[in-house]
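Here are the chains, one letter per residue:
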Amino acid sequence: MLLSLGLLVLPQAAFIWLSLHADLGLGQISDAVTLENYLRVLTDPFYLGSFWLTVHLSAAATLFGLLVGFPAAYALARIGGWIATIILSLILTTSLITVVVKLMGLNIILGSTGLINTSLLALSITSSPVQMINNETGVFIGLVQYTMPLMIVLLFGVVQTIPVEIEEAAAILGATRARTYLRVILPNARAGLLSSGLIAFNMSMGAFTSAVLLGGGRVRTIPVLIQQMIIQNNDYGKGAALSTMLVVFAFLLNLIAGGLLARGGGGQTG
Amino acid sequence: MADLSRRTLVKAAVGAAAGVASARMARAADAAAAFRIATWGGSWRDSVAKSIVGGMDLRGAPPDYVLGNPDDNLAKLIAAHRGGQIPFDVMECNPDQIPALTRSGLFETVDYGKLPNAAAIPDWAREQCVVCTVSTEDGIAYNEEKFRQSGIAPPTSYLDLKNPLLAGKLAFPDVSNAQHWNAVVGLAMLGGGSESDMLPALKLVNELKPAYFFAASTDLATRFGSGEIWAAPWQVGWAVRLKRAGAPVAMAYPKFGDKVGALYTISVGIVKGTPRESEAYAFINEYLSTAAQGAHGAATGTLPLNPGGRSVLAQDPVNTGLMILSDQGLNDMFQIDWSRLDTRQWREAWNRGINR
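Residues numbered from 1 in each chain as written. Chains lettered and ligands numbered in written order. Predicted model: local features only at pLDDT ≥ 70, side-chain atom pairs only at ≥ 80, totals over all residues. Heavy atoms only, no water.

## What to know about the overall build of chain B
Move 1: Per the secondary structure count, chain B includes 15 helices and 12 strands.
Move 2: By the burial criterion, 53% of the 356 residues in chain B qualify as buried.
Move 3: For chain B, the proportion of contacts with a sequence separation of at least 24, taken over those separated by at least 6, is 71%.
Move 4: Summing over all exposed atoms, chain B offers an accessible surface of approximately 14,700 Å²; the carbon and sulfur share of this is 54%. (Helix = DSSP H or I, 4+ residues; strand = E, 2+ residues; numbered from the N terminus. Buried < 20%, exposed > 50% of the residue type's maximum accessible area, 1.4 Å probe, protein only. Contact = heavy atoms within 4.5 Å. Areas by Shrake-Rupley, 256 points an atom, 1.4 Å probe, with all protein chains shown as cover.)

The structure is reproduced here in structure tokens:
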């Protein structure tokens, strides 16, 4: 509890305090307490647009991650044995590689002269290179690769808690594979899907490197603007206000999701 | 047995915490004894260590490097200053930071009587709170092989980059990249503006339609080397490095009014209140020596402000083929009047005005 207070609450409290003061330049802030920074952000369509951009990219990456990650986790959990161990170890190992290196690799592969585009051109599937980076698509791909490994590992644990016997029971009662998946497995995994999705969403909301390295300077998400305000402009007050709003938004969303989860009973297997 | 285990565990935890604390105290003591230089990482840091610090006697204060770009390091300095700390003794900085740093009182006023080697550098390089040591030479880097094959003439102006044959092949420095500033001021001038009237640049950048805006030069170097990008407003140091690696890169220096090409100076300032003031002056003086300037310029592709250092660089044909090394050439290069350019306002305008 004390550790949480020291590492999480105190820095946030310091940032919230900074956000309540006007910037005077070079990191200096006024003594007077004011809501000016919040008002400026909340009444400026540019910042509101940036918030929307951050939210919809994070939501899209999370949704895609769940759509792809859950079947992968399910397959691994059901395969089990040494094959699952090796694949999970490989997935975990990719998490140890610094995100900059992975994104630079994606930059090379997804670029106009990269492996994918040269293959598409060579096979005459496209007549000109497909723009996969330097735009929102690039950032989306970056967010998916950033969150997917953790999501698969989390969902693997979720699927393991679902007894295989209930799938067998559904099959004996005549359910098809698709029906079993939709009516038995997914409802039982609902709590895990929601919590894994929230973790991935929160990670994406704060992701900076993907937006910078794969957005090509065109995708100004909130973390990019916070970095610019604090590091380049030394406007701690306004940067702190943006940061606080990002945290509050994510926190509220988590609270709502937690409430929904509690109301729905969490989808635990009986 | 359970109690014993718990007690042993607590002892071990306390012991580990004490160990960590003592290690931290030892590191803090080392940091206090060290001469701390805030500078860039990678090959730049290596060259500072070899070409400059290597020529100094720092037995009483071993060098320690605080790595980051000048914006990051300034943020660290401000945060530490707020807590009454001195995070490093000297800091390398960008020219856009100089007006604000001079007003801020974060750096010492330079005593040029303690820098005999400063006599060799131009008058304009001797600022009140920082000393300009080297400079980048900014212009347009382009792939001469691709240009020739596509029948594109070598560029002489930033507006030459508005060529349909360069669609998808042009990169432009993002607002966080150092080479952004000369490029946008040059475009503003071409559009009838100046440092105090930058808006014409926004329209022209949008008309150039760059494939992407690069934040990191290392990233652009990768794409330039692979042939994905053919041209970019950039600095000659990267062109030199790419040329040495075998890439067919050439450099063009566009006009800025009656000037040709542009400088983006690197400076060193002494942090106010440093206990290592004598080492700080020794560091800057060594930085300005002919030997250090030549070696550092060769390693990083930057232009020495000491003429002797430029003579060292002139011995390498790759440098002479790409860089402007003469005294006259240096004097004819453009420099932004940073006191007229509101960088904060420009960043806002850039964020909002660039086509996404």
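## A look at the overall build of chain A
Move 1: Tallying secondary structure elements over chain A gives 13 helices and 2 strands in all.
Move 2: Each principal axis of the C-alpha atoms in chain A carries an extent, and together these give about 70 × 55 × 30 Å.
Move 3: Within chain A, buried positions represent 46% of all 270 residues.
Move 4: For chain A, the share of sequence-separated contacts (at least 6 apart) that also reach a separation of at least 24 residues comes to 69%.

## Side note on the packing of helix α7 (residues 136-160) of chain A against helix α10 (residues 190-205) of chain A
All names here are of chain A.
Move 1: Where α7 meets α10, the closest approach of the two axes is 9 Å, and the angle between their N-to-C directions is 155°. Comparing their axes, α10 and α7 come out roughly antiparallel. Where α7 crosses over α10, the two elements pack in a sense that is right-handed. In this structure, α7 contributes Leu143, Tyr146, Thr147, Leu150, Met151, Leu154, Leu155 and Val158 to the contact, and α10 contributes Gly192, Leu193, Ser196, Ile199, Ala200, Met203 and Ser204.
Move 2: Looking at the contact of α7 with α10 residue by residue, the classes come out as 11 nonpolar, 4 polar and no charged. (Axes fitted to C-alpha atoms, helices over the stretch in contact; angles between N-to-C directions. Parallel < 35°, antiparallel > 145°, perpendicular 65-115°, else oblique. Left-handed = near helix turned anticlockwise from the far one by under 90°. Nonpolar A, V, L, I, M, F, W, Y, C, P; charged D, E, K, R; others polar.)

## Re α10 of chain A
Move 1: Here α10 of chain A spans 22 Å end to end across 16 residues, near enough to the 22 Å set by a 1.5 Å rise per residue.
Move 2: Where α10 of chain A is concerned, the buried positions are Ala191, Gly192, Leu193, Ser196, Gly197, Leu198, Ala200, Phe201, Ser204 and Met205 of chain A. (Expected span 1.5 Å × (residues − 1).)

## Topic: the packing of aromatic side chains
Residues and elements named next belong to chain B.
Move 1: Counted by the stated rule, this structure contains 19 aromatic pairs over all chains.
Move 2: Arranged with centres 5.0 Å apart and planes meeting at 65°, the rings of Trp40 and Trp44 form a pair that is edge-to-face.
Move 3: With a relative accessible area of 11%, Trp44 lands in the buried category.
Move 4: The interplanar angle of 75° and the centroid separation of 5.7 Å between the aromatic rings of Phe283 and Tyr287 together place this pair among those described as edge-to-face. (Phe/Tyr/Trp six-rings, centres within 6.5 Å; stacked < 30°, edge-to-face > 60°.)

## A look at helix α4 (residues 81-96) of chain A
All names here are of chain A.
Move 1: Over its 16 residues, α4 extends 23 Å from the first C-alpha to the last, a length consistent with the 22 Å expected when each residue adds 1.5 Å.
Move 2: Along α4, the residues that are buried comprise Ala84, Leu88 and Ile91. Summarising the axial view, the buried residues of α4 lie within an arc of 55°, below the 170-degree limit, and thus occupy one face. Of the exposed residues in α4, the ones pointing more than 90 degrees away from its buried face are Trp82, Leu90 and Leu96.
Move 3: Taken together, the buried residues of α4 touch α3 (45-79) and α7. (Arc of directions from axis to C-beta.)

## Considering the interface of chain B and chain A
Move 1: Listed as interface residues are 32 residues of chain B and, on the opposing side, 32 residues of chain A.
Move 2: A combined buried area of about 2,700 Å² lies between chain B and chain A, and 45% of that area is made up of carbon and sulfur atoms.
Move 3: Of all residues in chain B, the largest losses of buried area upon contact with chain A belong to Arg344, Asn351 and Arg352 of chain B, amounting jointly to 20% of the total for that side.
Move 4: Where chain B meets chain A, there are 4 salt bridges.
Move 5: In this structure, Asp235 of chain A engages Arg344 of chain B in a salt bridge whose closest nitrogen and oxygen atoms are separated by 3.3 Å.
Move 6: At the junction of chain B and chain A, the tally comes to 15 residue pairs in polar contact (both at pLDDT 80 or more).
Move 7: If you list the elements that add at least two residues to the side of chain B that touches chain A, you get α3 (70-82), α4 (98-104), β6 (212-214), α8 (217-226) and α15 (343-353) of chain B.
Move 8: Here the side of chain B that touches chain A takes 7 residues from α3 of chain B, the largest share from any one element.
Move 9: Each residue belonging to the side of chain B that touches chain A can be placed in one class, and the counts come to 13 nonpolar, 7 polar and 12 charged. (Buried area = accessible area lost by both parts, 1.4 Å probe. Salt bridge = Lys/Arg side-chain N within 4 Å of Asp/Glu carboxyl O. Polar contact = N/O pair within 3.5 Å; in protein donor to acceptor, adjacent residues only side chain to side chain.)

## Topic: unusual backbone geometry
With the exception of glycine, the majority of residues adopt a negative phi angle, and the majority of peptide bonds are in the trans configuration.
Residues and elements named next belong to chain A.
Move 1: Of note, the phi angle at Ser124 is positive, near 60°, even though the residue is not glycine.
Move 2: Summarising the element assignment, Ser124 is placed in the loop between α6 (115-122) and α7.
Move 3: With a phi close to 55°, Asn234 is a non-glycine residue in the positive phi region.
Move 4: Among the structural elements, Asn234 can be located in the loop between α12 (222-232) and α13 (236-264).
Move 5: You can call Asn234 buried: its relative accessible area is 5%.

## Some details on a nonpolar patch on the surface
Move 1: A contiguous nonpolar surface patch, about 620 Å² in accessible area, is contributed by Ile79, Trp82, Ile83, Ile86, Ile87 and Leu90 of chain A.
Move 2: With 5 residues, α4 of chain A is the single largest residue contributor to the nonpolar patch. (Patch = residues over 30% accessible without salt bridge, like charges linked within 9 Å, V, L, I, M, F, W, Y side chains within 5 Å.)

## Regarding the confidence of the model for chain A
Move 1: In this model, chain A carries a mean pLDDT of 90, and residues with pLDDT of at least 70 account for 97%.
Move 2: Mean pLDDT in chain A bottoms out at strand β2 (residues 28-29) of chain A, which sits at 82, and peaks at α3 of chain A, which reaches 96. (pLDDT = per-residue confidence, 0-100.)

## A word on the environment of Val184 of chain B
All names here are of chain B.
Move 1: Assignment of secondary structure puts Val184 in helix α6 (residues 180-190).
Move 2: On the accessibility criterion, Val184 (0% relative accessible area) is buried.
Move 3: For the pair Val184 and Ala201, spaced 17 residues apart in sequence, the C-alpha separation works out to 5.7 Å.
Move 4: Ignoring sequence-local partners within four residues, the contact set of Val184 consists of Phe172, Met198, Ala201, Trp346 and Trp350.

## Regarding the pattern of salt bridges
Residues and elements named next belong to chain B.
Move 1: By the definition in use, this model includes 20 salt bridges over all chains.
Move 2: Across the pair Glu207 and Lys203 runs a salt bridge, and its minimum N-O distance is 3.1 Å. Residue Glu207 and its partner Lys203 are located together in helix α7 (residues 199-208), separated by 4 residues, close to a single helical turn.
Move 3: Among the residues examined, Glu207 registers a relative accessible area of 28% and is labelled partly exposed.
Move 4: A salt bridge links Arg276 to Glu279; the nearest nitrogen and oxygen atoms lie 3.4 Å apart. Of the two residues examined, Arg276 and Glu279, each falls in the buried class.

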